[in-house]
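# Structural overview for review
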Amino acid sequence: MDHFDYVDGAMHVEQVPMEAIAAAVGTPVYVYSTATLSRHVGVFREALSALENPLIAFAVKANPNAAVLATLGRLGLGADVVSGGELLRAIAAGIPADRIVFSGVGKTAEEMRVALEKGIYQFNLESEPEAEMLSEVALSMGRRAPVAYRINPDVDAGTHAKISTGKSENKFGIPYDRALESYAAARDLPGLDVQGVAVHIGSQLTDLAPLEAAFVKVGALIEALRGAGHAIRTADLGGGLGVPYDPAQPMPPSPADYGAMVTRVTQGWDVRLMFEPGRVIVGNAGALLSRVVRVKQGAQAPFVIVDAAMNDLLRPSLYDAWHDIRAVRPAGDKAKANVVGPVCETGDTFAMGRDMDVVQADDLVAFMTAGAYGATMASTYNSRALTPEVLVSGDKWAVVRARPPIEALIAGDSIPDWVAD
Ligand SMILES: *Cc1c(COP(=O)(O)O)cnc(C)c1O
């Protein structure tokens, strides 16, 4: 559920008309709803209410805007970060270090040093060489790093290949079958405090079965590790729960279904459970607001050319993702249309042959469910300014990232003398 609703024929976000935001900030612009963020945190937390003190660490990469992070931090969430930049962002937004977990296959020694200095809750290690590097960095600082190994359980998450992470051929985690050896080696590293096990098999999962299969493997591994003398105190079950993008598709499992499965499968594990939800928290809390530049005739259906493009919202181009596209002030008629951006790539296509509200030049459209992996993936391709972001709460709203002037983009480059001469 979200808080983008029609009032008197025009889409509002909470109590603010989308038209007012477009008039003040221009388009394209991302618009986020605080009430929706807060509702999703509540629903997710409620789904896990049978667990004792779980750590819910929001996956920052899904939406790293400072105002969004601060909102989620105030609601009690921690952060799952995958770079030094995300770590500093989470801390700057007020998320305490003892609620931060650091994931990712390529952490550098410098990123490790900063995370140790801040005192994060856990490093999720993805290889033995990484474990050795972290141990050295920690020792050089007179510290011991709290770690888990991310296990690659070799299960098929059943999602798009580019967001599947738990198959043996993927780059993530250590092979499940070698886990005992990897843990034994980690125990011998004096800079590490081995405390847990982690798993994350992919994103936009629409079936609980692969998650359950992965969690069952984690449970078996915890038992085996304890048998081998490891004091396992945490289990990080990652993120990945899908959200509804296309109303014509079956609904993905609800957080309540997910929580019930987790509660059943993890019975008796005797660990602190950790979660890294991203999309399910922010996906439906955001929309990309865009204006129709013009409508041009097409062979089968008209091309609706909007002022948003693949550089603002990459998901359709990258993952063939489907976003609901709605007129902000629907005229009542529906027809088939192709919705495209102005970028010079055929991949800059949001929808082909889509049955949607009929729109004309200057009309506003909203790309729904764009709060996750939207603005965070934006680029300046085609020398387009980075997309601004707005956060709404009730009848209040604020620009939480301004649209940079194109002059700033141009001034970012420099021309060496030996080129200019
Ligand atoms: C991306 C990612 C997540 C979040 O995934 P969602 O599908 O957005 O919930 C969680 N953990 C790790 C390690 C990730 O890479």
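Cut-off values and rules
Residues numbered from 1 in each chain as written. Predicted model: local features only at pLDDT ≥ 70, side-chain atom pairs only at ≥ 80, totals over all residues. Heavy atoms only, no water. UniProt positions renumbered as here; feature names shortened; annotations may be inferred. Helix = DSSP H or I, 4+ residues; strand = E, 2+ residues; numbered from the N terminus. Buried < 20%, exposed > 50% of the residue type's maximum accessible area, 1.4 Å probe, protein only. Near = heavy atom within 4 Å. Polar contact = N/O pair within 3.5 Å; in protein donor to acceptor, adjacent residues only side chain to side chain. Areas by Shrake-Rupley, 256 points an atom, 1.4 Å probe, with all protein chains shown as cover. Pairing = 2+ DSSP bridges. Contact = heavy atoms within 4.5 Å. Phe/Tyr/Trp six-rings, centres within 6.5 Å; stacked < 30°, edge-to-face > 60°. Expected span 1.5 Å × (residues − 1). Arc of directions from axis to C-beta. Right-handed = clockwise from strand over helix to strand, strands pointing away.

### Some remarks on the UniProt feature "active site" (unreviewed entry) in the protein chain
With numbering matched to this structure, UniProt assigns "active site" (unreviewed entry) to C344. You can see C344 is positioned in the loop between strand 17 (334-340) and strand 18 (349-357). Owing to a relative accessible area of 68%, C344 belongs among the exposed residues under this scheme.

### Description of the site of the ligand
Surveying the vicinity of the ligand reveals 15 residues, the closest of which are K61, S203, E276, R279 and Y373. The contact in question runs from a nitrogen atom of the ligand to an N or O atom on the side chain of D80, over 3.2 Å. With respect to the ligand, the backbone of G278 contributes an N or O atom lying 2.9 Å from an oxygen atom. Isolated, the ligand exposes 390 Å² of accessible area, and the fraction of that covered by the protein chains is 94%.

### Overview of the environment of V328
Secondary-structure assignment places V328 in the loop between strand 16 (325-327) and strand 17. With 311 residues separating them along the chain, V328 and P17 place their C-alpha atoms 9.1 Å apart.

### As for the sheet that holds strand 1 (residues 4-7)
In space, the 3 strands of this open sheet follow the order 1-2-3, with antiparallel pairing throughout. Of all the strands in the sheet, just strand 1 and strand 3 (16-17) have a single pairing partner and so form its edges. With 2 bridges joining them, strand 2 (residues 10-13) and strand 3 adopt antiparallel strand pairing. Bridge pairing links H12 to P17 in strand 3.

### A closer look at the UniProt feature "binding site: substrate" (unreviewed entry) in the protein chain
Per the UniProt record, the feature "binding site: substrate" (unreviewed entry) sits at R279, R315, Y319, E345 and Y373. Spatial dispersion of the annotated residues is evident: they stretch over 95 residues in sequence, and the largest pairwise C-alpha distance comes to 26.9 Å. In this structure, R315 is in contact with Y245, R279, D320, A321, H323, A372 and Y373, ignoring residues within four places of it in sequence. Topologically, E345 is positioned in the loop between strand 17 and strand 18. With relative accessibility at 36%, the residue E345 sits in the partly exposed group. In contact with E345, not counting residues within four places along its chain, are M310 and Y381.

### Overview of helix 5 (residues 109-118)
Among the residues of helix 5, E111, M112, V114, A115 and L116 are the ones counted as buried. Here the buried face of helix 5 lies against helix 4 (84-92), strand 7 (100-102), strand 8 (122-125), helix 6 (128-140) and strand 9 (145-152). Where helix 5 ends, the next residue or the one after it, G119, has phi of about 80°, a positive value.

### What to know about the side chain of R384
As for its position among the elements, R384 is in the loop between strand 19 (364-367) and strand 20 (389-393). Given the relative accessible area of 17%, R384 is considered buried. Polar contacts involving the side chain of R384 include one to the side chain of N311, which spans 2.6 Å. For R384, the residues in contact, after removing those within four places along its chain, are P28, D307, A308, A309, N311, D312, P342, V343, S379, I406 and L409.

### Brief notes about the packing of aromatic side chains
A complete count under the given rule lists 7 aromatic pairs for this structure. For the pair F102 and F123, a centre-to-centre distance of 6.2 Å together with 25° between the ring planes defines the contact as stacked. One end of the pair, F102, is in strand 7; the other, F123, is in strand 8, and 21 residues separate them in sequence. No difference in accessibility class separates F102 from F123, as the two residues are buried. Centroid distance F350 to F367: 4.6 Å. Interplanar angle 55°. Geometry classified as tilted.

### Concerning helix 2 (residues 34-47)
If you check helix 2, its first and last C-alpha atoms are 20 Å apart, about what 14 residues at 1.5 Å a residue would give, namely 20 Å. All buried positions along helix 2 are accounted for by T34, T36, L37, H40, V41, F44 and A47. Buried residues in helix 2, looked at end-on, bunch into an arc of 165°, giving them a common side.

### Quick notes on the pairing of strand 11 (residues 192-198)
As a general feature of sheets, a regular strand has side chains that alternate between the two faces. For strand 11, the buried fraction is high: 6 of the 7 residues fall into the buried class. As paired elements, strand 9 and strand 11 share 6 bridges and run parallel to each other. Across the sheet, residue A145 finds its bridge partner in strand 11, namely L192. Summarising the sheet, strand 11 and strand 12 (residues 234-236) pair through 3 bridges and their orientation is parallel. In the strand pairing of strand 12, G196 is matched with T234. With helix 8 (residues 208-227) bridging strand 11 and the parallel strand 12, this β-α-β connection has right-handed handedness.

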